[in-house]
Amino acid sequence: MEKCKERLYNGLIKENPTFVLMLGMCPTLAVTTSAVNGAGMGLTTTVVLVMSNMLISMLRKIIPDSVRMPAFIVVVASFVTIVQFLLEGFVPALYDSLGLYIPLIVVNCIILGRAESYASKNPVLPSVFDGIGMGLGFTVGLTAIGIVREVIGAGEVFGMRVMPSSYEPVTIFILAPGAFLVLAGLVAIQNKVRAVLAKKGRNMPKTGCGEGCASCGNSACNGKIFAVENEEQKGREEQK
Amino acid sequence: MSGNFNISSSPHIRAQITTRDIMIYVLIALIPAACFGIFNFGISALTVIAVTTLSAVITEAVYQKLMHKRVTADDCSAAVTGLLLALNLPPAAPWWMCVLGSIFAILIVKQLFGGLGQNFMNPALGARCFLLISFTGRMTTFVYNDVVTSPTPLAAMKAGESVDVLDMLLGNTAGTIGETSAVAIMAGAIFLLVKGVIDLRIPGTYIASFVIFIILFGGRGLDGSYVIAQLCGGGLMLGAWFMATDYVTSPITKNGKILYGACLGILTGVFRLFGGSAEGVSYAIIISNLLVPLIEKLTLPKPFGKGGER
C-alpha cells in the first residue's frame, strides 16, 4: 500500500507530467481554452491511462520485447476507441469541443511513456496507481492552465462569470499564444516554489531523475540525463 | 586590474557614443511625429503617450529592482519602447490598455528574454500585436474630428474609395497617434540619418521592395498617387524608419540588412494586398525579426584571406 501512495504522490507532484516532465504538450496547449475542456481532457486521459496500465501490466510477461510498441499501441487504441464512443454517447458537448484530440490520445506520450517505463516492468496494483497518479497530475495541470486562460481570456471559470462586468477579456489568452504564455507562467511559479522548498531543506529533485530510470517517463533518455545530473551534483559538491 | 594591462576582447576602439545617447536621439527624432499626433487628435493622444511611456519606464525599473539587477531605466531604452508603442495606439485607447501594452512589451518581450540587446522581437510591436489580437475592436476603432469609426485611409482604399494624397502626406487623417503624418516622421528620420544612428539600407530596401511589389501586384500598375498613398498610409513610414531599424532586432551584416529590408517589403505587400486587414506592417516586422538570426547566418562575411577562387 505504501508503494501505491508513493505512486500517487509521484504522479501528482514530484513528476507531474505537465509541469515537471513536460509530456503530452499537444493536448496541453491545444484543448485548455477553458477549465471544462482541460478537466475533460485530463479525466479522459486518466481513464485510458489506468486501463492501459492495468492491461499492459497483466500482459507484461506475454508481450515479447521486440514487438512491445505495436502491442502497447493496440491496447491503448482499443481503450481510446471505447472511451471515444462513451463520450460521444453520454457527453456529446465535451465530445464536440475536444474533437480531434480524443483519437489523438492514442499517441499521447504520457500513456506510452508510462506503459514503457512503468507498467511493463511492475505488478498490476502499483501500475494502476501509477496510472491514477499520472492521470490526476495531468488533469490538475490541464485544469489549472484552463482556469487561468478562461479567467483572463473570457472572465469566467467553468462557464460562470467571476470577473466584474467592466472587465474586458484579453482574448489572446484563449487563442494559441495564450497557451504558451500561461504554461510558461505556471511552470515558472512552480519552479520558484520548488526552489524555495529546496532551500528550506526539503529534498526536491530538479528533474524527474531522483528515483533513477525505473520510474521515469522519458524513455528516449536511456539514462543519459540521470548520468549528467549525477555528474553535475558531484561537481557541485566538490566545489563546496 | 591595472590600467596598463587591460586585456579585453575586441572591439578595441570605442566610440564615445553610448546607448543612452542613441536612445535620446531616437526620442528627439520621434518628437515631431508625437507633437503632430497631439495636434491632430487632441488631449487624449497626449494622455496615451504619457501613460504608455511612463508605465514602460516604471515596469523596467520595478522588474530590475525586484530581480536584483542593475536598474537601467535611465538609459532611455524603455522610454523609446513606450513612446513607440504609444505612437502605435489609437488616440482613444483607454489607460489600462496602454499600461497593459507597456507591461507586455517591457516584461515579457524584453526583460524575460534578458533585457536590452536580448529581445527576439521589437518590444513595442510585440505589444501592439498582443493588443491588436486581444482588443481588436478598440485597436481598430479610430475617432477623428469627433466622427466615430472613421476609416483609416488604407481601409478606405481597400474598400475601393479614393483618398486625398496631400492629406495623407501631411497627416490630416484617422489612424494611430504617430503614423498619420509622413512629413513629421520623415523630419525625425532625416535627423537620425544625419546623426548616423540609422543607415539607409533597411528603410531604403524596405520601401523600394514594397513599391515594386505594389506596382507588380497592386492591380493599378504605375499609378503614382496610389503608390504614394500606400506608402504614406498605415504604419509603413513609422515602421520602416523607426521600428525596422531597431538595432537589437535587425541584422548587423550589410547584405543582411538588404535581405531583411526586402523581406519586410514583400511581407508588408502580401499582408496589405492579400490579407484580411488593410494594415500589415507590424506583423511583417515581427515576423522578419524572427528571421534575423537566419539572415545573419546566411550573410556572414568571409574573413580576409578565406574563400574565393583557388
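These figures come from a predicted structure and were not determined experimentally.

Participant: Looking at this structure, I do not really get the overall build of chain A. What am I missing?
Facilitator: Counting secondary structure elements, chain A contains nine helices and two strands. Secondary structure of chain A in N-to-C order comes out as α-α-α-α-α-α-α-β-β-α-α. Taking contacts inside chain A between residues at least 6 apart in sequence as the whole, the part at least 24 apart equals 73%. Carbon and sulfur atoms make up 68% of the accessible area of chain A, which amounts to about 12,200 Å² in all.

Participant: I would appreciate a short explanation of the overall build of chain B in the present structure.
Facilitator: Along its length, chain B carries 14 helices and zero strands. For chain B, the N- to C-terminal ordering of α and β elements is α-α-α-α-α-α-α-α-α-α-α-α-α-α. A compact globule built from 310 residues would reach a C-alpha radius of gyration of about 19 Å, and chain B, at 20 Å, matches this within 12%. Counting only C-alpha atoms, chain B reaches 70 × 55 × 35 Å along its principal axes. Here chain B holds 310 residues, and 50% of them are scored as buried. Here the contacts in chain B between residues at least 6 apart in sequence split such that 74% fall between residues at least 24 apart. Of the roughly 15,200 Å² of accessible surface on chain B, 67% is carried by carbon and sulfur atoms. Of the charged side chains in chain B, 19 are positive and 15 negative; the average position of the first set lies 13 Å away from that of the second.

Participant: In this structure, what is going on with the domain arrangement of chain B? I would like to understand it.
Facilitator: Think of interface size as the accessible area that goes away when the parts come together; that is how it is often given. Residues and elements named next belong to chain B. In terms of domains, chain B is made up of domain 1 (19–147 + 174–195) and domain 2 (198–299). With centres defined by C-alpha atoms, the gap from domain 1 to domain 2 works out at 20 Å. Between domain 1 and domain 2, a total of about 2,200 Å² is buried, with carbon and sulfur atoms accounting for 77% of that surface. In terms of surface lost to domain 2, no three residues of domain 1 exceed Leu 125, Glu 179 and Leu 193, which account for 22% of the buried area on that side. Across the contact surface, domain 1 and domain 2 share zero salt bridges. Taken together, domain 1 and domain 2 are joined by four residue pairs in polar contact (both at pLDDT 80 or more).

Participant: How do you make sense of the interface of chain A and chain B when you look at a structure like this?
Facilitator: Listed per partner, the contact involves eight residues of chain A and nine residues of chain B. Applying the counting criterion to the chain A and chain B interface returns three residue pairs in polar contact (both at pLDDT 80 or more). Across the side of chain A that touches chain B, the residue classes break down as six nonpolar, one polar and one charged.

Participant: Sorry, what's going on with helix α11 (residues 224–232) of chain B here?
Facilitator: Given 3.6 residues per helical turn, the α-helix brings residues three or four places apart onto the same face. Residues and elements named next belong to chain B. Listing the buried residues of α11 in full gives Tyr 226, Val 227, Ala 229, Gln 230, Leu 231 and Cys 232. Close packing links the buried residues of α11 with α7 (153–158), α8 (165–170), α9 (182–195), α10 (201–217), α12 (236–243) and α13 (254–274). Looking one or two places after α11, you find Gly 234, whose phi comes out positive at around 65°.

Participant: Help me understand the packing of helix α3 (residues 35–58) of chain A against helix α4 (residues 68–90) of chain A in this model?
Facilitator: To describe two helices that pack against each other, one gives the angle between their axes and the distance between the axes. Residues and elements named next belong to chain A. Interaxial distance between α3 and α4 falls to 9 Å at its minimum, and their mutual angle equals 140°. Along this stretch, α3 crosses α4, giving a crossing that reads as right-handed. Contacts between α3 and α4 involve Thr 44, Val 47, Val 48, Met 51, Ser 52, Leu 55 and Ile 56 on the former and, on the latter, Phe 72, Val 75, Val 76, Phe 79, Val 80, Val 83 and Leu 87. Looking at the contact of α3 with α4 residue by residue, the class counts come to twelve nonpolar, two polar and no charged.

Participant: Sorry, what's going on with the side chain of B:Ser181 here?
Facilitator: The topology assignment puts B:Ser181 in the loop between α8 and α9. The exposure class of B:Ser181 is buried, given its relative accessible area of 5%.

Participant: Whenever I open this one, the packing of α3(A) against helix α7 (residues 124–154) of chain A confuses me. Can you help?
Facilitator: Residue and element names in this part refer to chain A. Between α3 and α7, whose axes approach to 8 Å, the crossing angle comes to 165°. It follows from the interaxial angle that α3 and α7 lie roughly antiparallel. Where α3 crosses over α7, the two elements pack in a sense that is right-handed. Here the residues of the contact of α3 with α7 are counted per class, giving 17 nonpolar, twelve polar and two charged.

Participant: Looking at this model, I keep getting lost on the pattern of salt bridges. Mind explaining?
Facilitator: For side chains bearing opposite charge, pairing can occur when the charged atoms are close. All names here are of chain A. Scanning the model with the defined rule gives ten salt bridges over all chains in all. One salt bridge in this structure joins Arg 7 and Asp 130, with 3.1 Å as the shortest N-O distance. In this pair, Arg 7 sits in helix α1 (residues 2–14) while Asp 130 sits in helix α7, placing the two residues 123 residues apart along the sequence. Side by side, Arg 7 and Asp 130 carry an identical accessibility label, which is buried. Arg 114 is the partner of Asp 130 in a salt bridge, and the nearest nitrogen-oxygen pair spans 3.0 Å.

Participant: How should the packing of aromatic side chains be read in this particular structure?
Facilitator: Geometry of an aromatic ring pair is reported as the spacing of the ring centres plus the angle between the planes. Residue and element names in this part refer to chain B. Inspection of the entire model under this criterion finds seven aromatic pairs over all chains. Each ring, one from Tyr 25 and one from Phe 191, has its centre 6.0 Å from the other, and the planes form 75°; the classification is edge-to-face. Taken together, the residues Tyr 25 in helix α1 (residues 19–41) and Phe 191 in helix α9 connect sequence positions 166 residues apart. Geometrically, the ring pair formed by Phe 104 and Phe 130 is stacked, given 4.0 Å between the ring centres and 10° between the ring planes. Of this pair, Phe 104 sits in helix α4 (residues 95–110) while Phe 130 sits in helix α5 (residues 123–134), and the two are 26 residues apart along the sequence. Exposure remark for Phe 130: the relative accessible area of 4% places this residue in the buried category.

Participant: Before we go on, may I ask you to explain unusual backbone geometry in this structure?
Facilitator: It is generally the case that most residues other than glycine have a negative phi and that most peptide bonds are trans. Phi is positive for A:Phe158, which is not a glycine, with a value near 50°. For A:Phe158, the position within the fold is in the loop between β1 (156–157) and β2 (160–161). Its relative accessible area of 41% is what places A:Phe158 among the partly exposed residues. At B:His68, a residue that is not glycine, the phi angle is positive and equals roughly 55°. Considering the arrangement of structural elements, one finds B:His68 in the loop between α2 (43–66) and α3 (77–87).

Conventions and cut-offs
Residue indices begin from 1 for each chain and proceed along its sequence in written order. Both sets of labels track the order of writing: A upward for chains, 1 upward for ligands. Two thresholds apply to this predicted model, a pLDDT of at least 70 for residue-level local features and 80 or more for giving and counting side-chain atom pairs, whereas whole-chain, interface and lining totals are computed over all residues. Excluded from the side-chain calculations are hydrogens and water; all other atoms, namely the structure's heavy atoms, are used. Each helix is a run of DSSP H or I of at least 4 residues and each strand a run of E of at least 2, with the numbering of both proceeding from the N terminus. It only takes one pair of heavy atoms within 4.5 Å for two residues to be counted as in contact. Surface accessibility follows the Shrake-Rupley procedure with a 1.4 Å probe radius. Residue values consider only the protein chains on display as shielding. Computation of the radius of gyration draws on C-alpha atoms alone. For the globule rule, the value is 2.2 Å times the number of residues to the power 0.38. Accessibility here uses a 1.4 Å probe with only protein chains present; expressed as a share of the type maximum, an area under 20% marks a residue as buried, one over 50% as exposed, and anything in between as partly exposed. Charged residues are defined narrowly, with Lys and Arg counted positive, Asp and Glu counted negative, and His plus the chain ends left uncounted. By convention, charge coordinates are those of NZ in Lys, CZ in Arg, CG in Asp, or CD in Glu. Each domain's extent is set by a domain assignment, obtained either automatically or from a database. When two parts are put together, the accessible area they lose, computed with a 1.4 Å probe and summed over both, is reported as buried area. We define a salt bridge as a contact between a side-chain nitrogen of Lys or Arg and a carboxyl oxygen of Asp or Glu at a distance within 4 Å. Here a polar contact is recorded for every N or O atom pair within 3.5 Å, except that within protein the pair must consist of a potential hydrogen donor and a potential acceptor, and residues adjacent in sequence are included only if both atoms are side-chain atoms. Under the grouping applied here, Gly and all other residues not named as nonpolar or charged are polar, the nonpolar ones being Ala, Val, Leu, Ile, Met, Phe, Trp, Tyr, Cys and Pro and the charged ones Asp, Glu, Lys and Arg. Every axis corresponds to a line fitted to the C-alpha atoms, with the helix fit spanning only the stretch in contact, and the corresponding angles, defined between N-to-C directions, vary from 0 to 180 degrees. Helix crossings fall into two classes, left-handed where the near helix is turned counterclockwise from the far one by less than a right angle and right-handed where it is turned clockwise. An angle counts as roughly parallel when it lies under 35 degrees, as roughly antiparallel when it exceeds 145, as roughly perpendicular when it falls between 65 and 115, and as oblique in every other case. Under the pairing criterion, centres of Phe, Tyr and Trp rings, with the six-membered ring standing for Trp, must be within 6.5 Å; the plane angle then separates stacked pairs below 30 degrees from edge-to-face pairs above 60, leaving the rest tilted.

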